Amino acid sequence: MGGILTGTSITQQRNILNEGLKKRGLSITKNLATSSILGLLLEDKESLQAMIDEVVKDKDVSYALIIGPEGNILAKTETRLIAPKEVSAEAIQANEPITTSFLDERKNLIYEFAVPVFTADKKKTSEFEIFEMEKPEKARKEEGEKEKAGVKKFGVVRIGFSTRVIIQQVRK
């Protein structure tokens, strides 16, 4: 009976750590996307690379890259990109944050977070936009697709997080 409880405990611990990694990974990727807006607009590869270099100090990060508006890689980690082609294609097409998972060549589970970077292409005109207030649901529904027309996608930030360290922690 002790073996069953231990096995269940290990599985629960791994699941909790994986969920924490997913939340942290999405948060870090969103933060990098927000931080990279100016660099993407100016195509400032040096500042974008400095941001990537800072992110990869995290022991769970396997790779990171910032893709420009034309699909060109403006900054990346030194490690080669290990994501399958279909994951890469989905990330480039993303219009909202996405999370995918796959096994790397060493059979480690990788969670990739892709966050598109958008900028407004229009002047703020309503009082909601000027004061950056959340619009009432009725106003949001009425605007519908009009709001999307004034937004331009400038790139995508992708970060791959490995569960290798989590597995090592659980085994200890």
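Refer to the preceding data block for the structure.
What comes next concerns the included structure. Counting restarts for each chain, with residues numbered from 1 along the sequence as it is written. Local features in this predicted model are restricted to residues of pLDDT 70 or higher, and side-chain atom pairs are both shown and tallied only at a pLDDT of 80 or more, whereas totals for entire chains, interfaces and linings draw on every residue. Side-chain numbers here rest on the full set of heavy atoms in the structure, without hydrogens or water.

## Notes on the environment of Leu-109
1) Next: Where helices and strands are cited, they refer to DSSP runs of H or I of at least four residues and of E of at least two residues respectively, numbered from the N terminus. With respect to the helices and strands, Leu-109 occurs in strand 4 (residues 109–120).
2) Next: The buried label goes to any residue with under 20% of its type's maximum accessible area, the exposed label to any with over 50%, and the partly exposed label to all in between, with areas taken from a 1.4 Å probe on protein chains only. What makes Leu-109 partly exposed here is its relative accessible area of 26%.
3) Next: Sequence separation of Leu-109 and Phe-161 is 52 residues, and the distance between their C-alpha atoms is 8.5 Å.
4) Next: For Leu-109, the contacting residues outside a window of four places in its chain are Ser-101, Phe-102, Leu-103, Phe-161, Ser-162 and Thr-163. Contact criterion: two residues are considered in contact whenever any of their non-hydrogen atoms come within 4.5 Å of each other.

## Looking at the nonpolar core
1) Next: Here, the term nonpolar core denotes a set of buried Ala, Val, Leu, Ile, Met, Phe, Trp, Tyr and Cys residues that are joined through side-chain atoms within 4.5 Å. With 20 residues, the main nonpolar core has Leu-32, Leu-48, Ile-66, Val-157 and Ile-159 as its most contacted residues.
2) Next: Aside from chain neighbours lying at most four places away, what touches Ile-66 is Leu-32, Ser-36, Leu-40, Leu-48, Ile-52, Asn-72, Ile-73, Leu-74, Ala-75, Val-156 and Val-157.
3) Next: Core analysis: the second largest hydrophobic core is formed by seven residues, Tyr-63, Ala-83, Val-87 and Phe-102 among them.

## Some details on helix 4 (residues 85–93)
1) Next: Within helix 4 the residues assigned to the buried category are Val-87, Ser-88 and Ala-91. When helix 4 is viewed along its axis, its buried side chains cluster within an angular range of 100° and face the same direction. Across from the buried face of helix 4, at angles greater than 90 degrees, the exposed residues are Lys-85, Glu-86 and Gln-93.
2) Next: For helix 4, the elements touching its buried residues are strand 3 (98–103), strand 4 and strand 5 (151–162). Think of the arc as the fan of directions from the helix axis to the C-beta atoms.

## A few points about the packing of aromatic side chains
1) Next: Pairs were defined over the aromatic rings of Phe, Tyr and Trp, the Trp ring being its six-membered one, requiring ring centres within 6.5 Å. Orientation was assigned from the angle between planes: stacked under 30 degrees, edge-to-face over 60, tilted for the rest. Across all of its chains, the model carries one aromatic pair by this definition.
2) Next: With a centroid separation of 5.6 Å and an interplanar angle of 75°, the aromatic rings of Phe-113 and Phe-161 are classed as edge-to-face. Of this pair, Phe-113 sits in strand 4 while Phe-161 sits in strand 5, and the two are 48 residues apart along the sequence. Here the two residues Phe-113 and Phe-161 agree in accessibility, since each one is buried.

## What about unusual backbone geometry?
1) Next: In this model, Glu-43 sits at a positive phi of 50°, which is unusual for a non-glycine residue.
2) Next: Counting through the fold element by element, Glu-43 comes out in the loop between helix 2 (37–42) and helix 3 (45–55).
3) Next: Positive phi, close to 70°, is recorded for Lys-107, a residue that is not glycine.
4) Next: Relative to the elements of secondary structure, Lys-107 occurs in the loop between strand 3 and strand 4.

## Describing the environment of Thr-29
1) Next: With respect to the helices and strands, Thr-29 occurs in helix 1 (residues 2–35).
2) Next: Judged by relative accessible area, Thr-29 falls into the buried class, the value being 0%.
3) Next: Not counting the four nearest positions on each side in its chain, Thr-29 is found in contact with Phe-113, Val-115, Val-157, Ile-159 and Phe-161.
4) Next: In protein, a polar contact requires one atom able to donate a hydrogen and another able to accept it; more generally it is a pair of N or O atoms within 3.5 Å, and residues adjacent in sequence count only if both atoms are side-chain atoms. A polar atom in the side chain of Thr-29 sits 2.7 Å from the backbone oxygen of Gly-25.

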